[in-house]
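Letter by letter, the chains look like this.
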Amino acid sequence: MRADLTVVVPAYNEERRLGPTLDAICAHLRADPGRWGGWELIVVDDGSTDGTADAVRAAAAREPRILLVEADETGNRGKGHALRRGVLASRGARVLVTDADLATPIDELDRLDKRMSEYDGGLAAAIGSRAHPDSTIDIHQRRLREWLGRMGNRLIRAVAVPGIRDTQCGFKLFDGDKARTAFADARLDGWGTDVEILQFFRRAGWRVAEVPVRWAHQEGSKVRPADYGKVLLELARLKARCVRPVDLTVTALFLLASVLLYKGLWADLDHRYLADSGQDQNQWEWFFAVTADNVTHLRNPLFTTAQNYPDGVNLMANTVMLGLSVPLIPVTLAFGPTVTWALVLTVGLAATAVAWYWLIAKRLVRSRWAAATGAALCAFAPPMISHANAHPNFAVLFMVPVIIDRALRLCDPDRPARVVRDGALLGLFTTYQIFLGEEPLLLAAMGMLLFALSYALAHRDAARAAWRPLLRGAGVALAVCLPLVAFPLYWQFFGPQSYHSVLHGDNAGNSPRAFLEFSGRALLGDEARADPLAMNRTEQNAFYGWPLAGLASAVALSLWRLPLVKALTFTGLAAALLSLGPRFRVPHTEVILPGPWRALAHQPLFESVIESRVAMICAPVLGILVALAADRVRAFPAGPPRTLGLTALALALVPIVPTPMPVRDRPEVPAFLADGLWKPYVAEGESVVPVPLPDPGNAEALHWQSATAPRFAVAGGYFNGPWGPERIGIYGAPPRHTSNLLRDIRYGGAVPGIGPEWRDRARADLEFWRAGVVVLAPQDNAPALRDAVSRLLGKESRYVGGAWIWDVGGRE
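Residues numbered from 1 in each chain as written. Predicted model: local features only at pLDDT ≥ 70, side-chain atom pairs only at ≥ 80, totals over all residues. Heavy atoms only, no water.

**Details of the nonpolar core**
If you look at soluble globular proteins, the nonpolar side chains tend to sit buried side by side. By size, the foremost hydrophobic cluster in this structure holds 128 residues, and its most contacted members are Phe254 and Leu548. Every residue in contact with Phe254, bar those within four places of it in the chain, is listed here: Ala350, Ala353, Val354, Tyr357, Ala372, Ala375, Ala376 and Phe380. Grouped together as the second largest cluster of nonpolar side chains are 31 residues, Val7, Ala59, Ile106 and Met116 included. (Core = buried A, V, L, I, M, F, W, Y, C linked by side-chain atoms within 4.5 Å. Buried < 20%, exposed > 50% of the residue type's maximum accessible area, 1.4 Å probe, protein only. Contact = heavy atoms within 4.5 Å.)

**Re the pairing of strand 4 (residues 92-98)**
Consecutive residues of a regular strand have side chains that alternate between opposite faces of the sheet. Counting buried residues in strand 4 gives 5 out of 7 residues, a clear majority hidden from the surface. Judged from the 5 bridges that link them, strand 1 (residues 3-11) and strand 4 form a sheet pairing that is parallel. Following the sheet pairing, Leu5 is matched in strand 4 by Arg94. (Helix = DSSP H or I, 4+ residues; strand = E, 2+ residues; numbered from the N terminus. Pairing = 2+ DSSP bridges.)

**A few points about the sheet that holds strand 1**
The 7 strands are arranged 3-2-1-4-7-5-8 in an open sheet whose pairing can be described as mixed. Since the sheet does not close on itself, it has two edges, and those belong to strand 3 (66-69) and strand 8 (208-212), each with one partner. Sheet twist, expressed as the mean angle between neighbouring strand axes with direction ignored, is 20°. Its contacts with the sheet place helix 4 (residues 79-88) against strand 1, strand 2 (39-45), strand 3 and strand 4, and it is angled at close to 155° to strand 1. Against the sheet, helix 5 (residues 109-118) touches strand 1, strand 4, strand 5 (125-129), strand 7 (171-175) and strand 8, its axis set at about 30° to strand 7. (Axes fitted to C-alpha atoms, helices over the stretch in contact; angles between N-to-C directions.)

**Description of the side chain of Thr346**
In this structure, Thr346 sits in helix 15 (residues 337-363). Of note is the side chain of Thr346, whose polar atom sits 2.7 Å from the backbone oxygen of Ala342. With near-sequence residues (within four places) excluded, Thr346 lies in contact with Ser258, Val259, Tyr262 and Trp266. (Polar contact = N/O pair within 3.5 Å; in protein donor to acceptor, adjacent residues only side chain to side chain.)

**Things to note about the pairing of strand 22 (residues 803-807)**
Within strand 22, 4 of the 5 residues are buried, leaving the element largely enclosed by the surrounding structure. In this sheet, strand 22 lies alongside strand 20 (residues 771-776) in antiparallel orientation, the contact comprising 4 bridges. Each residue of the ladder has a partner; that of Leu776, found in strand 22, is Trp804. By the bridge criterion, 3 bridges tie strand 21 (residues 798-800) to strand 22 in an arrangement that is antiparallel. Each residue of the ladder has a partner; that of Val800, found in strand 22, is Ala803. Connecting the antiparallel pair strand 21 and strand 22 is a turn made up of 2 residues, with Gly801 showing a positive phi of about 55°.

**Points about unusual backbone geometry**
Cis geometry marks the peptide bond from Tyr309 to Pro310; its omega dihedral reads 5°. Inspection of the secondary structure puts Pro310 in the loop between strand 11 (303-304) and strand 12 (313-314). Pro692 follows Val691 through a cis peptide bond whose omega is -10°. With respect to the helices and strands, Pro692 occurs in the loop between strand 16 (687-690) and helix 29 (700-708). Despite not being glycine, Asn308 has its phi angle at roughly 55°, a positive value. Note on placement: Asn308 falls in the loop between strand 11 and strand 12.

**Topic: the packing of aromatic side chains**
Taken as a whole, this structure holds 17 aromatic pairs when the rule is applied. Plain terms: the ring middles of Phe398 and Tyr432 are 6.5 Å apart, the flat faces sit at 45° to each other, and that makes the pair tilted. Of the two residues, Phe398 sits in the loop between helix 18 (392-395) and helix 19 (399-410) while Tyr432 sits in helix 20 (residues 419-434), which places them 34 residues apart along the sequence. Within the aromatic cluster, the residues linked to one another by ring pairs are Phe174, Phe183, Phe200, Phe201 and Trp206. Across the ring face of Phe768, the terminal group of Arg736 is positioned such that the distance to the ring centre comes to 4.1 Å. (Phe/Tyr/Trp six-rings, centres within 6.5 Å; stacked < 30°, edge-to-face > 60°. Lys NZ or Arg CZ within 6 Å of the ring centre and 35° of its normal.)

**Quick word on helix 16 (residues 368-380)**
One full turn of an α-helix is made of 3.6 residues, so residues set three or four places apart face in the same direction. Taking 1.5 Å of rise per residue, 13 residues should cover 18 Å, and helix 16 covers 18 Å from first to last C-alpha, within 8% of that figure. Turning to helix 16, its buried residues are Ala370, Ala371, Ala372, Gly374, Ala375, Leu377, Cys378, Ala379 and Phe380. Buried residues in helix 16 make contact with helix 10 (245-261), helix 15, helix 17 (382-387), helix 24 (546-558), helix 26 (618-635) and helix 27 (640-653). One side-chain oxygen at the N-terminal end of helix 16 lies 3.3 Å from the backbone nitrogen of Trp369; it belongs to Ser367. (Expected span 1.5 Å × (residues − 1).)

So this is what it looks like as structure tokens:
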């Protein structure tokens, strides 16, 4: 039989106050029988060890509409378990759940019932809210408990039920059938059940309204401070339940793909080196090592003199990725910077793919596998794989889809109350991305701006509705971000060893041919064809291949009616054109044409950008177009059209599938450095001078430091720093006579006649470097280098710990 209203009261050891509570509820319901009709009151004994059940039976003897659901054999299971049993036993058209202490008086039911009855369009639930501005708090909780409750609710809003300010108030009125459906699906037994039920309502599209209530804290509450931690654990369980099996499968496949890319590196981390990374692996491992050393010794993480001694290196002006290098300090200290390097690349690439998958599946397509296909292209496209050899700041981009999603939320005119929150989160996300990579953020902002402008032209009604909340949110984001990054950016641009721009020459743009060719490391790639079209193998910033270009064109033409496709097409074409540089040559001719990049080439920030990298914006554009195409192909019924569509996708994507990263053996660190034999030769304030000095072409000395922790300083180095009175940015230390000489000899130059003038220059350079010892490790042309250094210093070398050394500090 049906009832008009069911009241469910969970009870655990409530013998003393349950009687008055039940009497109060019954009195209120009897007072207006015309309003409440047929009602029932269900009390669920949650394994009480006192006389709770007897108190319910005594009340039931006076009022037969009181029903007892007795504890099962497992004893106390928690509020969620009790509510689930009570609601599933209910018969009411509406179901009220209330706590046994009646902290919210039963007469507040009138407010909830009135709101459900009067709401235009119908409500599935009206929930009491202590956070509503019209609520009345007669007796407050203790400050700590109140503060924990507010913090918990903010976290709940962020991760589970955005927009609901008070999920934990124990006074909620539900539509009965919907409540039974939700509680039948529930799994949480503890205090997190309120969140689980409200999340179910939200996902089902059932409307929920918060209603102001009168509330007073009651002594004897069963909520303990530790229970707030339990709610967090239940939230984690709740989020885990939301993950679909296909999402786990896709994530595992992305991680497997990333592991296979780096299998050669992982096979022997101590002796393998990414062959196409140049000297960047040495540099990045050094970044991880020096960050860990600075932080653990409470030194400034934005500066170091570990290389380029004594001038040092402005770390904020280099790509140290503090957003990862700092959190991964325990990994660096426990396992070494090479493990951190491999972990950042492998997990970071997979995380980027997962982030794009989340965004595409959430906003653009129905098919999860279509989203996975597009996300794979976004993260594993040829330009990303090129940078994944050496530049994790350009390959580990998992925050970019998150930033895009938050910006899109700001464009929603139906969410004005959330503009401040979404803007603040956008500011925090942007701040974190700044500490992962500033240039990728600049490129992402360029892509978002191109897309926004083109979408506004294609869908003007949407633009008119979105621009105000978007600008308001952007203002909030700036207000949050700028104070957090003000000092680091000041240090970057005005601190010690800061510089104004980095010049990359006139050939940093893409050739138009690069968009149609395959990269050297793609499945159908050809190094001989690809290498001449890029600065080096870490800067193959296009190379999408002609089949993918053809497929993207076909998709754009077939879906041109969609504003999204128009905006994506314009964004991709504009980015490709900008990436050609200030001027470019028409393929197979001598015709030189100006490019639109010349308008940006000398502007602040843009003057340091390698313009060919702008073509990386095309990767998510193509990924989304492919996802849209795959989504429509999967919707086709089985037959020739579907087979043809899947074949076209395969023909476009298979040729650019990346092959595993090639590796080579890396030189051993000489025992002189690895075993600490250098210590007697280097006093405080002195440096080790490698032969030749480390530079962008040979930075093995940075490996000496990172493999042993940076306990000694080295002269020279591989980093970005200033040169000359204009403080123009260059790679490496400003050249000196001795460093130039040793570099020339290392690469085959003849040893010049070394007389007093050369010796004076060498003496001045060693004094500048504050040299304690000069070290020559085994390498090509080592005999010529040894002879040259001995003649420069006027003394013979000694062979110590696998290296030739010259003691220039006078301690022999």
